[in-house]
Amino acid sequence: MSTPPVDPTTTSAWAGLQAHHAETSPDLRRWFAEDPERARRLTFDAADLHVDLSKNLVTDTTLSLLVDLAEQVRLPERLAAMFAGEHINATEDRAVLHTALRRPPGARPALVVDGQDVDGDVQAVLDKVSAFADAVRSGSWTGVTGERIRTVVNIGIGGSDLGPVMAYEALKAYKHPDLEVRFISNIDPTDLAETVADLDPATTLFIVASKTFGTLETLTNARLARAWLWEHLAAAGALEDDDDARRAAVAKHFVAVSTALDKVADFGIDPDNAFGFWDWVGGRYSVDSAIGTSLAVAIGPEAFRDFLAGFHAVDEHVRTEPLATNVPVLLGLLNVWYVNVLGAHTHAVLPYSQYLHRFPAYLQQLTMESNGKSVRWDGTPVTTDTGEVFWGEPGTNGQHAFYQLIHQGTRVIPADFIAFANPAHPLQDGDADVHALFMANFFAQTKALAFGKTAEEVRAEGTAEDVVPARVFSGNRPTTSIMAPSLTPSVLGQLIALYEHTTFVEGTVWGIDSFDQWGVELGKKLAQEIAPALTGDTSALESQDPSTRGLIEHYLAQRTA
Ligand SMILES: O=P(O)(O)OC[C@H]1O[C@](O)(CO)[C@@H](O)[C@@H]1O
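These remarks concern the structure in this document. (Residues numbered from 1 in each chain as written. Predicted model: local features only at pLDDT ≥ 70, side-chain atom pairs only at ≥ 80, totals over all residues. Heavy atoms only, no water.)

Around the ligand lies a shell of 14 residues, among which Ser160, Ser210, Lys211, Thr212 and Thr215 are the nearest. The contact in question runs from an oxygen atom of the ligand to an N or O atom on the side chain of Thr212, over 2.6 Å. Contact between the ligand and Thr215: an oxygen atom at 2.5 Å from a side-chain N or O atom of the residue. In the complex, 88% of the free accessible area of the ligand, which totals 390 Å², lies under the protein chains. For the shell around the ligand, the class distribution of residues is two nonpolar, nine polar and three charged. (Near = heavy atom within 4 Å. Polar contact = N/O pair within 3.5 Å; in protein donor to acceptor, adjacent residues only side chain to side chain. Areas by Shrake-Rupley, 256 points an atom, 1.4 Å probe, with all protein chains shown as cover. Nonpolar A, V, L, I, M, F, W, Y, C, P; charged D, E, K, R; others polar.)

Have a look at this one:
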């Protein structure tokens, strides 16, 4: 049984933050002018990540009260409990050990949890994934016709899709030149149809990734993919019309990743071709487990281990760094400040790297499935707002779309700007200059948001008086700048771990179990109940509420197939 959460609103730090807010008017222009050391003092490093917090709406007093809050809600104890494998996922009575997935081989003291040799099991699966990745990459793993694999298709959804696809896109510069990875997640049949349309089944390998191996979307897509494989191999004369031949085709063209290896076998996938993980890895925390197999194939086992080493570097930072200089802790506390004191409802993540174009979508599951809760880990209601909406797009695209609202709208939108000093792709002539221009935008945006433009400055440009108000920028719009030398596998691991721990810090302050996701269950159950109503079951139709029934009838009337 977990220790009951501390109600943050009853702490002296919380009262201190409210009083401090009442007596402080944020003024970044003045704060920087009066304090030449502000930028230096509020910039911190974690592994390769260089994080400038100075353009946030905080003073030293704010940060010190936030650190007090972390202590008063017992964040250090809870962090230690997570790393030690205590069952801090209270509603599922599970340990939370994604950090164990990236411990280096031979780490000491050895981690044994609930009688399991965690380190030994993690390394054994990693070795198996590595051997498989090498076999596919070298061409020694072949399909039924003896041809090497050219395309790997990952079938999964949620954490079994978003992590692998985000990381594959982010690390494309590191991928094997003759291998492509594609991803199918949606149960909308067009997702599979479009993804396999131009593929040759003889050179295609499917990875069915599902923690539970019970997810409707994934199992449906896996069955469709299997039918596609059989049909197209047969049409090409590469498959006999018998069960043994079909089984042999599955053995060569399907592997699985799951915690439920019995269900994998029921699907017809040889347990030798299955990679396991454990219930102490949450779906949204699983890209560094065997769920990352498609990524390991794409970038190779060595780069995959670098990816894990990046996570571990930030794990060590969060585990050992004092709270006042602990980057994920400070970022999580800043988010609490914005949500609970300054009333922010959303948080933008704006990577200045096209490779990170799926990073905001990935973070949406990480943060919102973790902290979108109204009860605490002991079942009592939360005592304050929780779970802000995360969103974003890569710069500079976002600048020409929604930045208007961030610059001049009425909402407080804390924003993380992420950039890399060097582009990860091989440079062509002129690329360095273009990248410098890209970076100029990165620097310019946070500057504009922080310091704005006054009416006097607008007038000084000769602007007509009636247009002056529209051209004023208030400034004092909070941003965090996160920089790294280059988007390497290690740096990507560091970034993900940074946000994992930031999410945990927020959840801890709010008293939330950030590792369950009961909120996704009701819709799944209702879909199963409604499905018969769409295929002629009149009693299932009649039992629906009037709105849902009307919509189903409209759908049935419009359906042409
Ligand atoms: O890997 P699985 O078991 O197929 O689950 C996929 C996703 O579904 C969820 O359970 C939500 O429905 C996520 O937490 C998870 O990442």
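In this sheet, strand S2 (residues 49-52) lies alongside strand S1 (residues 43-46) in antiparallel orientation, the contact comprising four bridges. Looking at S2, one finds that Phe44 is bridged to Val51. Turn length for the S1-S2 hairpin, with the two strands adjacent in sequence and antiparallel, is two residues, and the turn residue Ala47 shows positive phi of about 50°. (Pairing = 2+ DSSP bridges. Helix = DSSP H or I, 4+ residues; strand = E, 2+ residues; numbered from the N terminus.)

What follows concerns the side chain of Asn326. Counting through the fold element by element, Asn326 comes out in the loop between helix H13 (301-320) and helix H14 (327-341). Given the relative accessible area of 0%, Asn326 is considered buried. Leave out the neighbours within four places in its chain, and Asn326 touches His317, Val318 and Glu321. (Buried < 20%, exposed > 50% of the residue type's maximum accessible area, 1.4 Å probe, protein only. Contact = heavy atoms within 4.5 Å.)

With that out of the way, let us pick up unusual backbone geometry. The residue after Arg108, namely Pro109, is reached through a cis peptide bond having omega -5°. Tracing the backbone through its elements, the reader meets Pro109 in the loop between helix H5 (75-84) and strand S3 (112-113). With omega at 5°, the peptide bond leading from Gly395 into Thr396 counts as cis. Of note, the phi angle at Arg74 is positive, near 65°, even though the residue is not glycine.

Turning our eyes to something else, we now look at the pattern of salt bridges. Overall, the coordinates contain 28 salt bridges when judged by the stated rule. The residue Lys373 makes a salt bridge to Asp516 at a minimum N-O spacing of 2.8 Å. Of this pair, Lys373 sits in the loop between helix H15 (359-371) and strand S11 (389-391) while Asp516 sits in the loop between helix H20 (489-510) and helix H21 (521-530), placing them 143 residues apart in sequence. (Salt bridge = Lys/Arg side-chain N within 4 Å of Asp/Glu carboxyl O.)

Moving on, we get to the packing of H13 against H14. Relative to each other, H13 and H14 sit at 75°, their axes nearing to 7 Å. It follows that H13 is roughly perpendicular to H14 by the angle criterion. Touching Val314, His317 and Val318 of H13 are Val327, Pro328 and Val329, all from H14. Across the contact of H13 with H14, the residue classes break down as five nonpolar, one polar and no charged. (Axes fitted to C-alpha atoms, helices over the stretch in contact; angles between N-to-C directions. Parallel < 35°, antiparallel > 145°, perpendicular 65-115°, else oblique.)

Turning our eyes to something else, we now look at the pairing of strand S10 (residues 346-352). Where burial is concerned, most of S10 is hidden: six out of the seven residues are buried. One ladder, built from three bridges, connects S10 with S11; its direction is parallel. Directly across from His347, in S11, lies its bridge partner Phe390. Two elements, S10 and strand S12 (residues 415-422), share five bridges in a ladder whose sense is parallel. Bridge pairing links Ala348 to Ala415 in S12.

On to the environment of Ile512, then. Assignment of secondary structure puts Ile512 in the loop between H20 and H21. Sequence-wise, Ile512 and Arg376 are 136 residues apart; in three dimensions their C-alpha atoms are separated by 4.5 Å. Excluding anything up to four places from it in sequence, Ile512 contacts Arg78, Ser370, Asn371, Lys373, Val375, Trp377, Val382, Thr386 and Gly507.

Here we take up the nonpolar core. Counting residues in each nonpolar core, the largest one holds 123 residues, and the members touching the most others are Trp280, Phe307, Phe359, Leu492, Leu495 and Tyr499. Counting 27 residues, the second-largest nonpolar core is a separate cluster that includes Ala202, Phe213, Ala245 and Ile269. (Core = buried A, V, L, I, M, F, W, Y, C linked by side-chain atoms within 4.5 Å.)

What follows concerns the packing of aromatic side chains. Scanning all chains against the criterion turns up 23 aromatic pairs. For the pair Phe32 and Phe451, a centre-to-centre distance of 5.2 Å together with 85° between the ring planes defines the contact as edge-to-face. With Phe32 in helix H2 (residues 28-34) and Phe451 in helix H17 (residues 431-451), this pair connects stretches of sequence that are 419 residues apart. A centroid spacing of 5.0 Å and a plane angle of 25° characterise the contact between Phe206 and Phe254, whose relative ring orientation is stacked. With Phe206 in strand S7 (residues 204-209) and Phe254 in strand S8 (residues 254-258), this pair connects stretches of sequence that are 48 residues apart. For Phe254, a relative accessible area of 0% gives the class buried. (Phe/Tyr/Trp six-rings, centres within 6.5 Å; stacked < 30°, edge-to-face > 60°.)

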